[in-house]
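# Residue-level structure breakdown
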Amino acid sequence: MKKLSLYITLVIVSLVLGACSDEYEPWSNPQAYSQESSITIPGIKASAVATQDLSTVGDEVPLFTLSAAELPEGYTLGNVRVQLFPADVNPPLSTTLDATVDGKANTAEVQAVIEKYYGKRVEPRKFVAVVYLNAVKGGQAARIEAGAVDLTIIPKKPTFASEYLYMSGDANSWQHSDILYSSDLDGKYIGYMYLTQNGFKFSTQPNWGGTNYGKDFSTDAGADNITMTEPNGFYKVEVNLVTRSYKLTPITKIGIIGDATGGWTNDIDMTYNSASHSWSVQHVTLVNGEMKFRANGEWNISWGGTDLNHLTSTNGANLKVKAGTYTIKLTPSYDGNTKAELIAE
């Protein structure tokens, strides 16, 4: 006991003399790998816990357990915090959360950390958790490092767990073949497809086995089809399940543009093929250079990237192409799933 008391006292003195900053970093600020100025105390050690599922733990989630040596008279443990390093994020970053002496942290704050580094997808997420705490007496505190433990956490299932919505309607022979995608699992979906006034529905499965949304976004099994007043045509379709609404942006043409086609001012227009649900143009002569696809002769909607099988409409890179004469085909879909083909003639 006397040895431990002397050890803590020496630590307090060294920390007071070695203090170098009064700055405070809020928990939400990511930090690079760095350790607090701290020491280890024999008998005060963090241990790992089992995988934690945030959907079942309540308001607090266990992140570690703490075995503490018997403290000298007058000392108490407090100001516990856990520095969470996502195991597969590079460069390594971390977020520090407050915790209790029995190793628990606020569930909502842990969920926020997972979403910051990984998003809302419900998959087990691995962290390295470094535990710190203070031994306090008479207004002085010794900062103690209780060690690092491996930690696996399953985030809460979001309100809208479906990553995709499927349009089934007259335009695709009711095949659920047109797909919308929600990147944030927030109930907001975007896709590109041909629609007609003869009706359609949205489904959470590529069949009728999930939740199906009909007229006024009714999920009743007998709900009427959604019918639009807009003309038959190709659209950017945005569905919001939070507000139970959808928005259609007409795409009347898609063109190819770039220095590979002769310049960044004029489009080479493509033609829509209803049988293949794609846009195409023949006999296009390209030079070595770059090009992109864009809609309606504007840059509000465009497609680019580095992989012709996974084009993006979110600031995609210019496509690098080689000189030649091609038939060029574009099949717009949800973001990251749009495909382009350059077929040499």
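Everything here concerns the structure above.
Residues numbered from 1 in each chain as written. Predicted model: local features only at pLDDT ≥ 70, side-chain atom pairs only at ≥ 80, totals over all residues. Heavy atoms only, no water.

### A word on the nonpolar core
Quick note on the threshold: Put simply, buried Ala, Val, Leu, Ile, Met, Phe, Trp, Tyr and Cys residues joined by side-chain atoms within 4.5 Å make one nonpolar core. For every residue, the accessible area obtained with a 1.4 Å probe (protein chains only) is divided by the maximum for its type, and the residue is called buried under 20%, exposed over 50%, and partly exposed between those limits. For the purposes of this entry, the term helix denotes a DSSP run of H or I that reaches at least four residues, the term strand denotes a run of E that reaches at least two, and both are numbered from the N terminus.
If you look at the biggest cluster of nonpolar residues, it comprises 33 residues, and the most contacted ones within it are Leu63, Phe64, Val82, Val110 and Phe127. Broken down by secondary-structure element, the contributors of at least two residues to this core are strand S6 (76-86), helix H2 (107-118), strand S9 (125-137) and strand S10 (140-154). Grouped together as the second largest cluster of nonpolar side chains are 24 residues, Phe234, Ala260, Met270 and Val321 included.

### Regarding the pairing of strand S16 (residues 233-240)
Inclusion rule: At least two bridges found by DSSP between two strands are what make those strands a pair.
The element S16 is extensively covered by neighbouring structure, given that 7 of its 8 residues are classed as buried. Here S16 runs beside strand S17 (residues 245-250); their pairing, made up of 6 bridges, is antiparallel. Bridge pairing in S17 links valine 239 to tyrosine 246. Between S16 and S17, which pair antiparallel and follow one another directly, the connecting turn spans 4 residues, one of which, arginine 244, has a positive phi of 50°.

### Considerations on the pattern of salt bridges
Our working definition: Salt bridge, as used here, is a side-chain nitrogen of Lys or Arg placed within 4 Å of a carboxyl oxygen of Asp or Glu.
The tally for this structure, following the rule as stated, stands at 7 salt bridges. For the salt bridge of lysine 320 with glutamate 290, the shortest nitrogen-to-oxygen distance reads 2.7 Å. You can see lysine 320 sitting in strand S24 (residues 319-321) and its partner glutamate 290 sitting in strand S22 (residues 289-295), a full 30 residues away along the chain. Classification of glutamate 290 as partly exposed rests on a relative accessible area of 22%. Linking lysine 329 and glutamate 341 is a salt bridge whose minimum nitrogen-to-oxygen distance equals 3.8 Å.

### Digging into unusual backbone geometry
With an omega dihedral of 0°, the bond running from asparagine 90 to proline 91 counts as a cis peptide bond. Its location among the elements puts proline 91 in the loop between S6 and strand S7 (93-98). Phi is positive for asparagine 79, which is not a glycine, with a value near 50°. Mapping asparagine 79 onto the fold places it in strand S6. Phi angles above zero are rare outside glycine, and histidine 283 is one such case at about 60°. For histidine 283, the position within the fold is in strand S21 (residues 278-286).

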